[in-house]
Amino acid sequence: MSTASHPSPTPTLGGAAARHTSAARTASMAQALNSALRDSLREDPTVHVLGEDVGALGGVFRITDGLTAEFGADRCLDTPLAEAGILGTAIGMAMYGLRPVVEMQFDAFAYPALEQLFSHVAKMRNRTAGRLPLPITVRIPYGGGIGGVEHHSDASEAYYTSTPGLHVVTPGTVADAYGLLRASIASDDPVVFLEPKRLYWGKAEFDPAAPVEPIGRAVLRRTGTSAVLITYGPSLPVCLEAAEAAQAEGWDLAVLDLRTLVPFDDETVTRVVRSIGRAVVVHEASGFGGTGAEIAARVTERCFHHLAAPVLRVTGFDIPYPPPMLEHHHLPGVDRILDAVARLQWED
Amino acid sequence: MTVLDHRHHTGVPGWMPGATAPRTDPAPLLPDVSPVRVLGTPALEKHDPALLRELYRRLVVGRRYNQQATTLTKQGRLAVYPASTGQEACQIAAALVLGERDWLFPSYRDTLAVVSRGVDPLEALTLLRGNAHTGYDPRASRTAPLCTPLGTQAPHAVGLAHAARLRGEPVVALAMLGDGGTSEGDFHEALNFAAVLRAPVVFLVQNNGYAISVPLSAQSAAPSLAHKAVGYGMPGRLVDGNDAPALHSVLTEAVERARAGGGPTLVEALTYRIEAHTNADDATRYRTEPEVDAWREHDPILLMDRALRELHLLDDGLAQDAADEAEALAARMRAEFHADPELDPMALFTHVYAEPTPQLREQAAQLSAELAAEAEVQH
Ligand SMILES: Cc1ncc(C[n+]2csc(CCOP(=O)(O)OP(=O)(O)O)c2C)c(N)n1
Ligand SMILES: [Mg+2]
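Computed from a predicted structure; not experimentally measured.

> Outline the side chain of B:D299, listing residues and values.
Residues and elements named next belong to chain B. Within the fold, D299 resides in the loop between α11 (289-296) and α12 (300-310). Look at D299 and you get buried, because its relative accessible area is 10%. Within the local environment of D299, its side chain forms a polar contact with the backbone nitrogen of I301, the two atoms lying 2.9 Å apart. Here L302 takes part through its backbone nitrogen, which lies 3.2 Å from a polar atom of the side chain of D299. Apart from residues no more than four positions distant in its own chain, D299 is found in contact with R63 and N242.

Below is the structure:
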């Protein structure tokens, strides 16, 4: 299982820079997400949580731990086991003015709800000329690296990023988990909030009193001059590790954490890539038709004359997610990332 | 005390005597063996004459609406029209039984129900005209957008009704579906959620015998579609869907039951689609003329006309009034749809998100440039 530890962001690089540390505490990403839900439920009476096992159990990952006890079943609802029904019901609730937060139990178990998501959640504002916005947050634990058996490890982000009308947010740090979930719930647009489940248990300091991060802004987690690793969510710690290891090879790698896939922060990505001139996109989802393909294309279109080498992608293979004993061959690791960095035409 | 406090379990192991939680007795949930009828029965005399005349008037106007919309497709004024000709009793009853604060969740065939709810035909038909997905304000009219992905509107009705109940507001949601739609997973999930949450919802299935070309026998082996209710723990009602007063009373009971906290009801209305599936469909490939003719004999307006005249509740004068109103609507539709709709291509980007993303702003600029170039060429 991958590490969840990561260096705290350099203060001058934006993102978490504005945080004050007075109420800072150490928590796991799971706890930070739980705090975000609790604080949202407390502050806004229209927020309602619903999903499978979110009540007494607190969700299979305990993200909703204690919420039904504190707010009652009306606010944190154990639903029947039917994902289309859960999301469809949330749509109706949002139509009546509530702000539902839906929990999907695992990435692959969100698929029964895709018709509701694609045909209604993503389109309702548009198809009603803005009259029926749906402020729904769909939380989905995603990705591999936890030794999960079949159907428990899909990196499913491309399905969502290729659907206009959805915002797609994925935190890579404990602080972002809190701040971005608060921002997602507060958003009047529907948000697919992808939680990298292999980072759930890693602890770091975060400050719930810090200003809430806006969605849609990438942040530089590490400065560097040789090349930039563009990544998000579950691959962020791997990239930071790779950047550490790269020093031994004489490469000074920057790491850019996208945090939000839609809307995509072209501005920051373009600025960073133009200033460095070499880029590798890293994600664990399959490469073909993946989010990295879009990012590489955008970067090439916007930064062509600043690039010293083609933008490379380091991704999972184009295979169904492997059995747990083989998953480490699939997931991009430090070596695969450094191999890509080595191919960035240094001889020129 | 919360709304959902009725959901609890005994906590006693299932093998212990008397441990099972009290289960629902299925008998009272079962639909009548034969469909509920009012027209041509003694029950008719108990109905309010004013309501009966109102139903008649709406049926006549509704039929004319269907005919005019079909004609508009032939003139190229509508892209497509799935007519509810023959199903007008279901359409108007669904709208009539709802109060102002209640919500209607129509499926794609139900524009007449939307119009009966008070939405202007020009606004109700934008989807089928092709100028806008939803031309009316769903909040102002308490009418959800016409739903094309079959069955998917049913859970929305449940969620809305559930939300209203959580807020202590006596709002009922009525979802309209077809017989084919009952095979969709969303139908099942919606009924199950509604029953578990005891949501104030009424599901109205217009069983017109076909899903495009596929007959009910190939769609379901259930004793009736109304019987499906029993499996979820809610009452199922079977009603003659061409008998407007019967529909009105069955739906009113269901709405009142929901409003009083009694939970959801599934109503199956037996009806028939006299026209083809849409103007683009060839119904002769899957059904026979004698079958259609038999249903023409059981036409909702014909049945109503006959029964009301027998009771002296309808005369030629009232019939003419209704016909005049119908003609006026048709004339208004012809006039309004004759003009080309105003289209604003730049509005394509306005409501994708609350604020356009940077990418959408760039794309809007691109389209704007394309439009400018087009305009240049035209000059
Ligand atoms: C999910 C989905 N599958 C397929 C279709 C295409 N389709 C449109 S109408 C229709 C038949 C619907 O039959 P029924 O539910 O009985 O309604 P009716 O047309 O008789 O009013 C089909 C298959 C659709 N709209 N949605
Ligand atoms: Mg049908």
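Now that the structure has been shown, the text picks up again.
> Talk me through the nonpolar core; I want residue IDs and the actual numbers.
Within the largest apolar cluster, 93 residues are counted, with the highest numbers of intra-cluster contacts made by A:L87, A:M95, A:I136, A:Y160, A:I230 and B:F203. With 8 residues, helix α7 (residues 153-166) of chain B is the largest single contributor of residues to this core. The residues contacting A:Y160, other than those within four sequence positions of it, are A:A110, A:Y111, A:L114, A:L117, A:F118, A:I140, A:L166, A:V168, A:V192 and A:L194. With 64 residues, the next largest nonpolar core counts B:L52, B:V60, B:A124 and B:A258 among its residues.

> Explain the environment of A:P190 residue by residue, including any values.
You can see A:P190 is positioned in the loop between α7 (174-186) and β7 (191-196). It is 9.9 Å that separates the C-alpha atoms of A:P190 and A:V101, two residues lying 89 residues apart in sequence.

> So, the packing of aromatic side chains: which residues are in play, and what are the values?
All names here are of chain A. Throughout the structure, instances matching the rule amount to 13 aromatic pairs over all chains. Taking 4.9 Å as the distance between ring centres and 50° as the angle between the ring planes, the aromatic pair formed by F61 and Y200 counts as tilted. One end of the pair, F61, is in the loop between β2 (47-51) and α2 (67-71); the other, Y200, is in the loop between β7 and β8 (203-206), and 139 residues separate them in sequence. Of the residues examined, Y200 reaches a relative accessible area of 1% and is grouped as buried. Of the aromatic side chains, those joined through ring pairs into one cluster are F61, F106, F109, Y200 and W201. The ring of W346 is capped by R278, whose NZ or CZ atom sits 4.1 Å from the centre of that ring.

About the criteria used
Residues numbered from 1 in each chain as written. Chains lettered and ligands numbered in written order. Predicted model: local features only at pLDDT ≥ 70, side-chain atom pairs only at ≥ 80, totals over all residues. Heavy atoms only, no water. Helix = DSSP H or I, 4+ residues; strand = E, 2+ residues; numbered from the N terminus. Buried < 20%, exposed > 50% of the residue type's maximum accessible area, 1.4 Å probe, protein only. Polar contact = N/O pair within 3.5 Å; in protein donor to acceptor, adjacent residues only side chain to side chain. Contact = heavy atoms within 4.5 Å. Core = buried A, V, L, I, M, F, W, Y, C linked by side-chain atoms within 4.5 Å. Phe/Tyr/Trp six-rings, centres within 6.5 Å; stacked < 30°, edge-to-face > 60°. Lys NZ or Arg CZ within 6 Å of the ring centre and 35° of its normal.

On their own, these measurements won't tell you what the molecule is for.
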